[in-house]
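Structural features, examined
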Amino acid sequence: MTKQEIKNIFKAHYTQMYRLAVTILYDEDESKDAVSEVFARLLSSDITLRQETAEAFLMTAIRNECRNVLKRKQVRERFLNLHAGEAAEPTITDGERLRMEELMHFVHRQLPPLSQQIFRLRYMQEMTCQEVADTLGISRQTVHTHLQQAIGKIRTFFKQNT
């Protein structure tokens, strides 16, 4: 798809996608980030949307992205509880604790410095992508790109070491 076609789809469906995201996430900034993430993936992929199925595809994509955001929030909360020195919740197993430590070790050792900084600001300090961009003086798209690459590397690492 061309950038102009994606731009037209963005204009036609942004409001509806944003409303669904706010309904799921209850956070305006996170909802904007989720919609942006869906379109960033669309831009970087070879997916071709047909006019008659575009709405259904985008609404499913935003719902799935919101689910991913909620899952990441759960992981972040567990991690923060673990590092805050609080008593571990009964639901955190030793295996999960080890995975978190392994994740942080991977982030520290394997990601480039800017990606590390973006990852920490976004997931440990719970900043929105826009807040991270403003803090670092970079574009929101750059933040998305670094996060997408970092998460891809993390997934690959954990798939290989599972």
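The preceding data block contains the structure.
Residues numbered from 1 in each chain as written. Predicted model: local features only at pLDDT ≥ 70, side-chain atom pairs only at ≥ 80, totals over all residues. Heavy atoms only, no water.

**A look at the side chain of Gln-116**
Structurally, Gln-116 is set in helix H5 (residues 113-123). The exposure class assigned to Gln-116 is buried, which follows from its relative accessible area of 12%. Not counting residues within four places of it along the chain, the set of residues in contact with Gln-116 comprises Val-107, His-108 and Leu-111. (Helix = DSSP H or I, 4+ residues; strand = E, 2+ residues; numbered from the N terminus. Buried < 20%, exposed > 50% of the residue type's maximum accessible area, 1.4 Å probe, protein only. Contact = heavy atoms within 4.5 Å.)

**Overview of helix H6 (residues 129-136)**
All of the buried residues along H6 are Cys-129, Val-132 and Ala-133. Across the axial projection of H6, the buried residues extend over an arc of 100°, all falling on one side. Buried residues in H6 make contact with helix H2 (28-44), H5 and helix H7 (140-160). (Arc of directions from axis to C-beta.)

**Things to note about a negative patch on the surface**
Together, Glu-28, Asp-29, Glu-131 and Asp-134 make up a negatively charged patch on the protein surface. You can see Asp-29 is positioned in helix H2. (Patch = residues over 30% accessible without salt bridge, like charges linked within 9 Å, V, L, I, M, F, W, Y side chains within 5 Å. Areas by Shrake-Rupley, 256 points an atom, 1.4 Å probe, with all protein chains shown as cover. Salt bridge = Lys/Arg side-chain N within 4 Å of Asp/Glu carboxyl O. Lys, Arg positive; Asp, Glu negative; His and termini not counted. Charge placed at Lys NZ, Arg CZ, Asp CG, Glu CD.)

**Focus: the pattern of salt bridges**
Tallied over the entire structure, the rule returns six salt bridges. Several salt bridges share partner residues, and in doing so they unite Glu-37, Arg-41, Glu-65 and Arg-72 into one network.

**A short note on the side chain of His-146**
On the secondary structure map, His-146 appears in helix H7. Take His-146: its relative accessible area is 18%, and that puts it in the buried class. Polar side-chain contacts of His-146 include one of 2.8 Å to the side chain of Ser-115. Ignoring anything within four residues of it in the chain, the contact list for His-146 reads Leu-114, Ser-115 and Ile-118. (Polar contact = N/O pair within 3.5 Å; in protein donor to acceptor, adjacent residues only side chain to side chain.)

**Focus: the nonpolar core**
Formed by 22 residues in total, the largest nonpolar core has its most connected members in Leu-103, Val-107, Val-132, Val-143, Leu-147 and Ile-154. Put simply, the parts of the chain that give this core at least two residues each are helix H4 (94-110), H5, H6 and H7. In this structure, Leu-25, Val-38, Phe-39 and Ala-61 belong to the second largest nonpolar core, which totals 19 residues. (Core = buried A, V, L, I, M, F, W, Y, C linked by side-chain atoms within 4.5 Å.)

**Quick word on the environment of Val-35**
Along the polypeptide, Val-35 turns up in helix H2. On the accessibility criterion, Val-35 (0% relative accessible area) is buried. Each residue touching Val-35, except ones within four places of it in the same chain, is listed here: Tyr-14, Met-17, Tyr-18 and Ile-62.

**Details of the state of the cysteines**
Tallied over the entire structure, the rule returns zero disulfides. Free of any disulfide, Cys-66 has its nearest cysteine sulfur in Cys-129, 13 Å distant. The exposure class assigned to Cys-66 is buried, which follows from its relative accessible area of 0%. (Disulfide = S-S within 2.5 Å.)

**Quick look at the packing of H4 against H5**
Interhelical geometry of H4 versus H5 gives an angle of 145° and a closest axis separation of 8 Å. Of the residues in H5, those touching H4 at Met-104, Val-107 and His-108 are Gln-116, Phe-119 and Arg-120. Among the residues forming the contact of H4 with H5, the class breakdown is three nonpolar, two polar and one charged. (Axes fitted to C-alpha atoms, helices over the stretch in contact; angles between N-to-C directions. Nonpolar A, V, L, I, M, F, W, Y, C, P; charged D, E, K, R; others polar.)

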